[in-house]
Amino acid sequence: MPEWKDTCNLPRTAFSMKANLQTTEPEAIARWDAMALYGRIRAARQGAPLFLLHDGPPYANGEIHIGTALNKILKDLVVKSHNMAGYDAPYLPGWDCHGLPIELKVDRELGPKKKQMSTADFRRACRAYAEKYVDIQRRDFKRLGILGLWDDPYKTMAFRYQASIVRALGRFVEQGMVYKGKKPVHWCTHCRTALAEAEVEYEPHTSPSIYVEFPLAESSLPELARRVPALAPRLTAPSAPSASSAAPASASSVSVLIWTTTPWTIPSNLAIAFHPEFRYAAYDVDGTAVVVAKDLAASVAQKTGRAFGEPLAEFDGTAMERLSFRHPLYARDALGVLADYVTLEAGTGAVHTAPGHGADDYRTGVKYGLDIYAPLDAGGHFVESVALFGGLQVFDANPRVEAALAERGRLWHREDYDHSYPHCWRCHNPVIFLATAQWFIAMEAHDLRARALSEIRDRVRWIPAWGQARIEGMIANRPDWCISRQRAWGVPIPAMDCTTCGQAVLTGALVERAAAVFDEFGADAWYERPVEEFIPGGLACPACGGTSFERESNILDVWFDSGSSHEAVLPFREHHRWPADLYLEGSDQHRGWFHSSLLVGIGTRGRAPFDQVLTHGFVVDEQGRKMSKSLGNSVAPQDVIKQSGAEILRLWVSMVDYREDIRLGKEILARTVEAYRKIRNVIRVLVANLYDFDPVAGAVPHERMLEIDRWALAKYAECADRIVRAYDDYDYPAIFQAASTFITVDMSAFYVDVTKDRMYTFGANSEARRSGQTAMFTIVDGLARLLAPILSVTMDELWRALPGGRAPSVHMALFPMGDETARLRSPALLDRFATLGAVRDEVNLALEQKRQEQVIKANLSAQVRLETGGEEARLLADCRDFLPTLFGVSHVELVTRSGSGPDGGQPRRITVTRADGVRCERCWRFVPAVSDEPATRGLCARCVEALALVAGH
RNA sequence: GGGCCUGUAGCUCAGCUGGUUAGAGCACACGCUUGAUAAGCGUGGGGUCGGUAGUUCGAAUCUACCCAGGCCCA
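Residues numbered from 1 in each chain as written. Chains lettered and ligands numbered in written order. Predicted model: local features only at pLDDT ≥ 70, side-chain atom pairs only at ≥ 80, totals over all residues. Heavy atoms only, no water.

1. Regarding the overall build of chain A
Along chain A, the regular secondary structure elements total 29 helices and 32 strands. The C-alpha atoms of chain A give 39 Å as radius of gyration, which overshoots the globular expectation for 953 residues (30 Å, by more than 25%). Seen along its three principal axes, the alpha-carbon backbone of chain A occupies a region of about 135 × 70 × 45 Å. The 953 residues of chain A split such that 57% are buried. Contacts in chain A between residues at least 24 apart in sequence constitute 78% of all its contacts with a sequence separation of at least 6. For chain A, the exposed area adds up to about 39200 Å²; of that, 51% sits on carbon and sulfur atoms. In chain A, 109 side chains carry a positive charge and 118 a negative one; their mean positions are 4 Å apart. (Helix = DSSP H or I, 4+ residues; strand = E, 2+ residues; numbered from the N terminus. Rg over C-alpha atoms; globule rule 2.2 N^0.38 Å. Buried < 20%, exposed > 50% of the residue type's maximum accessible area, 1.4 Å probe, protein only. Contact = heavy atoms within 4.5 Å. Areas by Shrake-Rupley, 256 points an atom, 1.4 Å probe, with all protein chains shown as cover. Lys, Arg positive; Asp, Glu negative; His and termini not counted. Charge placed at Lys NZ, Arg CZ, Asp CG, Glu CD.)

2. Observations regarding the packing of aromatic side chains
This structure, assessed with the given rule, holds 30 aromatic pairs. A ring pair is formed by Phe-172 and Phe-560, whose centres lie 5.9 Å apart and whose planes are at 65°; its orientation type is edge-to-face. Taken as a pair, Phe-172 in helix 6 (residues 159–174) and Phe-560 in helix 15 (residues 558–563) lie far apart in primary sequence, 388 residues in all. The pair formed by Phe-172 and Phe-560 is uniform in burial state, with each residue classed as buried. Within the aromatic cluster, the residues linked to one another by ring pairs are Trp-462, Tyr-583, Trp-593, Phe-594 and Phe-610. Over the ring of Phe-521 we find Arg-529, and its NZ or CZ is 3.8 Å from the ring centre. In this structure, Arg-551 packs its charged tip against the face of Trp-526, placed 5.8 Å from the ring centre. (Phe/Tyr/Trp six-rings, centres within 6.5 Å; stacked < 30°, edge-to-face > 60°. Lys NZ or Arg CZ within 6 Å of the ring centre and 35° of its normal.)

3. Observations regarding helix 24 (residues 792–801)
With 8 of its 10 residues buried, helix 24 lies for the most part within the structure. Within helix 24, the full set of buried residues consists of Ser-792, Val-793, Thr-794, Met-795, Asp-796, Glu-797, Leu-798 and Trp-799. Looking at the buried positions of helix 24, the neighbouring elements they touch are helix 1 (21–34), helix 3 (66–84), helix 19 (646–655), helix 20 (666–688) and helix 23 (767–787).

4. Section: the protein's contact with RNA strand B
Around RNA strand B there are 51 residues in total, and Arg-470, Gly-624, Asp-657, Ser-748 and Arg-922 lie nearest to it. Backbone atoms, meaning sugar and phosphate, make up 80% of the atoms of RNA strand B lying within 4 Å of the protein. Interatomic distance of 3.1 Å between a backbone N/O atom of Met-655 and a sugar or linking oxygen of RNA strand B. Separating a sugar or linking oxygen of RNA strand B from a side-chain N or O atom of Asp-661 is a distance of 2.9 Å. Of all the secondary structure elements, the ones that give two or more residues to the surface near RNA strand B are helix 12 (466–477), helix 20, helix 22 (732–761) and helix 26 (827–852). It is helix 22 that provides the largest number of residues to the surface near RNA strand B, a total of 12 residues. Residues that form the surface near RNA strand B fall into these classes: 18 nonpolar, 10 polar and 23 charged. (Near = heavy atom within 4 Å. Polar contact = N/O pair within 3.5 Å; in protein donor to acceptor, adjacent residues only side chain to side chain. Nonpolar A, V, L, I, M, F, W, Y, C, P; charged D, E, K, R; others polar.)

5. So, the sheet that holds strand 5 (residues 193–195)
Strand order in the open sheet made by the 4 strands is 5-4-16-18, with antiparallel pairing throughout. The sheet is open, and its two borders are formed by strand 5 and strand 18 (481–482), each paired with just one other strand. Across 10 bridges, strand 4 (residues 178–188) lies against strand 16 (residues 432–441) in antiparallel orientation. The partner of Tyr-179 across the bridge, within strand 16, is Phe-440. (Pairing = 2+ DSSP bridges.)

6. A word on the nonpolar core
Grouped together as the largest cluster of nonpolar side chains are 140 residues, with contacts concentrated most on Leu-144 and Ile-683. With 14 residues, the top contributor of residues to this core is helix 22. In contact with Ile-683, other than residues within four places in its own chain, are Phe-15, Val-780, Leu-783, Leu-787, Met-795 and Leu-798. (Core = buried A, V, L, I, M, F, W, Y, C linked by side-chain atoms within 4.5 Å.)

7. Some details on the sheet that holds strand 20 (residues 496–498)
The strand order across the open sheet formed by 3 strands is 21-20-22, and the pairing between neighbours is antiparallel. Strands with a single pairing partner mark the edges of an open sheet, and in this sheet they are strand 21 (504–505) and strand 22 (549–551). Bridging between strand 20 and strand 21 involves 2 bridges; their strand directions are antiparallel. What sits directly across from Met-496, in strand 21, is Val-505.

8. A look at helix 11 (residues 448–458)
Among all positions of helix 11, only Leu-448, Arg-449, Ala-452, Leu-453, Glu-455 and Ile-456 are buried. Burial along helix 11 is one-sided: seen end-on, the buried residues are contained in an arc of 160°. Here the buried face of helix 11 lies against helix 6, strand 16, strand 17 (461–463), helix 12 and helix 17 (593–605). (Arc of directions from axis to C-beta.)

9. What about the pattern of salt bridges?
Scanning the model with the defined rule gives 67 salt bridges in all. Lys-142 is the partner of Asp-33 in a salt bridge, and the nearest nitrogen-oxygen pair spans 3.0 Å. With Asp-33 in helix 1 and Lys-142 in helix 5 (residues 119–143), this residue pair connects regions lying 109 residues apart in the sequence. Across the pair Lys-80 and Asp-76 runs a salt bridge, and its minimum N-O distance is 2.5 Å. Note that Lys-80 and Asp-76 are positioned in helix 3 at a spacing of 4 residues, about one turn of the helix. A relative accessible area of 4% places Lys-80 in the buried class. Through salt bridges that share partners, Asp-55, Lys-72, Lys-75 and Glu-585 make up one connected network. (Salt bridge = Lys/Arg side-chain N within 4 Å of Asp/Glu carboxyl O.)

Put into structure tokens, the structure is as follows:
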């Protein structure tokens, strides 16, 4: 007896069930490299409309993490899908190479050696460090399956890029938008240097805590009387501070009490800040009307040991704005100002403000037009012109300030105060805030702010839309852009100081000189080549006319570097143009790269360098908590690649809603692996049915295909259209949903299952089987392309397993779209099968019931009697012969009830019984009779015929 | 503390401008299959739509507050 199984057309394919991604991924990537795939895609799309995603440069420091991987995969989805939609969509990756983190790492690696190195040598070490991480990251990005111009990326430390940065700065300079001003930074008086936030360590420290009285200035008496009438009767001239007298203030004065833990900043006090929304009150204390925040009065009274009576008057902080208070030590006034950082947690609710010695103080000072006053030298000594304290180091000055205040009767209380205070990470001495000379881009110059806001509102499309509100708020409220840093690894600001009068000079000509030198030698030249090379002919100091200069040592904020990428890259590279269509980064870049790129774009060309900005969220753990080393909940992309494959990571990115925070953890990865397997298996069975199919010779014309095959194509066309649209909308989860439903529900559970019998048991070359193959081929060929941007390796592997001539890689192909899918659509067929599907669902329920009752086992062991009426009966009668196949049973008896059925309100009736007849040993259906012939014994007529066809060939 | 955002089954997602018993896939349980087999098919259980209070004839969908979380500031 022959093994009938061997006469069936059982599926076979080299497209294995197990993916072996750990092997196939590196192989595919090597193949792409070998065939120069990226370049071939460029050549193939030459002349097509450009779609320009401009890469935001990751920082060339450390291994890539899951967030970097997410970002690059999203970009790859955008780029690949646009290429397949018919655009010329290049991908030019970039790296951000300058900046503090690298400087600090290199610093640490060099150790004491650094002391002997020149700045230029140190910069060379930084460059080598950055180069090393560019290589490491590039390797990992390629391993993720990302296609791009990896051989020639852009780097912010490239000579020409450095020149472009300086030229971009030059545009601001020429328009008069750059100025030199002052701003407080962390300053170590021991190391005599500015410190970045990352170089500051918070350590416990004991500071003096003092409460100081500032009397209201006489000139403000009338105004206060007007604002707070209840106080009017008490308003008389305050007593003048007197060096000789420690007597309390005159009984009829008004004062405000402040609290500070840095007495040495009192000489630099220029203002007192009040909260606009807090309630303040004036209390009679030994005859003086003392103003403090109402909620803090009790604690202040307790601290100072003074008796605060009932409030004489109450008012909001706004009542204090622009009143003048007498400085407790000097013959000048402190201005009453409003600030929302004033708290009720400690102190008096009135905050001592020295704009040259605090970040908040500085902002408030700028807002009220105060001098950024910081009369200290680099070692933290008061300059000689400061009365009482000239020459004193600030920490030595503390007790002297207290003493001077006490002498004048202005020191109400003094105690030790333990708190966490910033220290220098190198020498571990406490640091101070010190206003230093810095370069700024003025937000109001040339309407920079207003033009940026109008670009945000009117030109750029923000996806999601709330991105607009976010960056709008930031631009609207940001202070002038401080673009200078006192560091070594970056692009120097090519400014000169006049050696005669000290005037800082920065002109367009100076900038262009530097740019020309940088073009040729790189920015290291600033530290190595003679100063004359950087001084354009005829340069004279605008202040004194001097012609001798020395270089400044400030470098540019690295945000200016990366913010200039559109200027450094877009105009110069092949397949590029200015501006870009799209920037795509994490939502933190509203503050970062989008922000700086926009400002640079306005400065250089008067518009935003992008038309669309797409943002994604952050990867968090399965509980929605941020990933961190200390929590141990991080997922490393390298580990996922090793354990599951980059395809899993890519699939994960494609199925989540990247606009919000994205969860990732063990279960999610496990689910993703399951999803991958499901897709792979269904695709595998489709290909496996094509092992003997020639799409040219074997294809059945559409009109002659079986109805269910045409339905499958109609369903596929619907799915393809939806997917192509979703790519265009950057709606990747919709792609997964559509593809997954089509693959699992329409293909696996329905079409493949229902067609199985025909594909396996019919004559291999029968038109019915070829009809099915035609559908399966079209579908799997289309799915390979539709899913290629996501499952780039798997679909390329599939592409190679498919019969027929085709492009060397799926990534060079185009999506199924236009006429390719339009000709397959058929709403009528979809309708018809929706009804058939509903009937099938109900038959399944009945079958399951009988299975539970153990009347039947497999569906083929059952037969169905189906009574119905109306429209549905006509439809079912129309495809009577298809019904056993549709239900997967051996026989269907259709009974039409006139005038009833679902349309008439009566439910259809389904009766399931054990199938009559005998079981065909080849196709396993129960049939009335089987063959008796020796060669075909036990086979049904259909199988006999199928075998005859094979034999006949 | 402030600005922006998020919270639907174990997981990933749908649920348009408020309107019948809140859906899909996966996972899970049970049955079938052994000619997709470290697969496949069927059936089933599972959600007070973060919480509370409102607006409304009616809210997952609108408002306020609260809780939890994220990004950026301070």
